[in-house]
Structures are given as structure tokens and as C-alpha cells.
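The lines below spell out each chain.
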Amino acid sequence: MQIRKAIYPGTFDPITLGHLDIITRASKIFDFIIIAIANKSRKALLFTTDERIYLARIATKHLPNIKIIEFNNLISHFAKKQKVNILIRGLRTVTDFEYEKKLSQMNKYLVPLLENIFFIASKDYSFVSSSLVKEVAYYGGDVSNLLPISVNEALITKLKIKQL
Ligand code: ADP
């Protein structure tokens, strides 16, 4: 029997319960999921790559079929190298859709075998993004219900260090 593998790529700076919701749902559909964490981004990153990997690892430790790998080039090339032709992405808004559509078509242009599977965000998390969570936490807002416990603690600590 063929093993169905998929890659869930992103910056995960940091992983939120919105990401975790997608991972949990996808882990029931696919035999194996690689969470691919980009080690650089055009967006300003708060956590280092090692920290983002560590936090994702803790948040997913209850799921048996997850592997976390860092990548530093194009996701389409990374997927080809991993011999995986399915990318998972999440859709929260029409803006996400517009962006993801272009991204998925570009990836297909680069690697024609690559397919995207989109998960519609759960209603409880469709307003959640790593950047907004960081911004709210920066100004002292409580985002603990939107993050895995260890991520919330790491975020508070990180912001304290930054403000010193
Ligand atoms: P990127 O920088 O590649 O967008 P992110 O880590 O911000 O990486 O997001 C990775 C993927 O997860 C994207 O497809 C994004 O739309 C999706 N995503 C982020 N937050 C949520 C959420 N709350 N619910 C569903 N999908 C989400």
C-alpha cells in the first residue's frame, strides 16, 4: 500500500492553535506529515529557527505521524527532494485565498506534479495569525487561548527579553 505523505510548510513564528488545528485534521487524512519550517522569511521573525522547531515539536508531540524539518530554499524544490507531491495550506480569509492561489500556481509551474490541499480554518481560529498574536502579546494582551501552553510561555519570555 502506498504511504500518503504531505508537507505543511510555513514560518510558524510561532506555531498557534490555528496551525495545530490544521495539523491535527490533516494528520487524520494523511499517513505522514512533514511540518516544514522556513529558516528565513521576508517577514521579521521573532523566534530563531531552532526555537520555532522546538515549539512545533512540543505542540505536536501527541501526534505520532509528524516530522518537523527546516527548509531554506523554495518549498517546491524541498518537496521534490523529499519526494512528496502534496502541500497543505490553511485558508482563513479571501486575502489568504488570493495569495495562496498565486503561490500554488507558481509552485505548479515550478514542479508540475505538486498539488495543494487547502483546509478552511476552523471558525474559532480564523482570526488567528502568528503576527497578530505577537503584536497583541507585545502590548500585554492575553493570547493564551490561541496558543499551545508552552508557546504562550515562550512568547511571554521572549518579549520580556526583547524589552530589556
Ligand atoms: P507563511 O509565512 O508561509 O504564511 P505561516 O506560518 O504564517 O506561514 O502559515 C502557514 C500556513 O498556515 C498558511 O497556509 C496559513 O494560511 C495557514 N494558517 C496560519 N494560521 C492559520 C489559522 N489560524 N487557521 C488556519 N490556517 C492558518
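Small disclaimer: the values here were computed from a predicted structure and weren't measured.

Asks: Any chance you could break down the pairing of strand β2 (residues 32-38) for me, citing the residues and the numbers?
Replies: Residues in a regular strand project their side chains so that they alternate between the two faces of the sheet. Here β2 lies mainly inside the structure; six of its seven residues are buried. The pairing of strand β1 (residues 5-10) with β2 spans six bridges and is parallel. Bridged to Ile 7 within β2 is Ile 34.

Asks: Can you explain helix α6 (residues 149-163)? Please cite residues and give values.
Replies: Along its 15 residues, α6 runs 22 Å from first to last C-alpha, staying within 8% of the 21 Å computed at 1.5 Å per residue. Buried within α6 are the following residues: Val 151, Asn 152, Leu 155, Lys 158 and Leu 159. Mapping the buried residues of α6 onto a view down its axis gives an arc of 130 degrees, with all of them on the same face. Across from the buried face of α6, at angles greater than 90 degrees, the exposed residues are Ile 149, Lys 160 and Ile 161.

Asks: If you had to explain the environment of Glu 115 to someone new, which residues and values would you point to?
Replies: With respect to the helices and strands, Glu 115 occurs in strand β5 (residues 115-120). On the basis of relative accessibility, which here comes to 40%, the residue Glu 115 falls in the partly exposed class. Between the alpha carbons of Glu 115 and Ala 6 there is a distance of 9.7 Å; along the sequence they are 109 residues apart. Residues within four places of Glu 115 in sequence aside, it is in contact with Asn 85, Ile 86, Leu 87 and Lys 108.

Asks: Got a sec to walk through the site of the ligand? Specific residues and values, please.
Replies: Near the ligand you find 17 residues, and of these Tyr 8, Lys 43, Gly 90, Tyr 125 and Val 128 are the closest. Between Arg 89 and the ligand, the recorded distance is 3.2 Å, taken from a side-chain N or O atom to an oxygen atom. Taken by itself the ligand offers 550 Å² of open surface, and the protein chains cover 90% of this. Mapping the ligand onto the cavity grids shows that it belongs to the largest pocket. Per-class residue counts for the shell around the ligand are seven nonpolar, five polar and five charged.

Rules used in this analysis
- Residues numbered from 1 in each chain as written.
- Predicted model: local features only at pLDDT ≥ 70, side-chain atom pairs only at ≥ 80, totals over all residues.
- Heavy atoms only, no water.
- Buried < 20%, exposed > 50% of the residue type's maximum accessible area, 1.4 Å probe, protein only.
- Helix = DSSP H or I, 4+ residues; strand = E, 2+ residues; numbered from the N terminus.
- Pairing = 2+ DSSP bridges.
- Expected span 1.5 Å × (residues − 1).
- Arc of directions from axis to C-beta.
- Contact = heavy atoms within 4.5 Å.
- Near = heavy atom within 4 Å.
- Polar contact = N/O pair within 3.5 Å; in protein donor to acceptor, adjacent residues only side chain to side chain.
- Areas by Shrake-Rupley, 256 points an atom, 1.4 Å probe, with all protein chains shown as cover.
- 1 Å grid on protein atoms, 1.4 Å probe; cavity = no way out; pocket = protein on both sides within 12 Å on 5 of 7 lines; lining within 4 Å.
- Sits in = over half its atoms within 2 Å of the grid points.
- Nonpolar A, V, L, I, M, F, W, Y, C, P; charged D, E, K, R; others polar.

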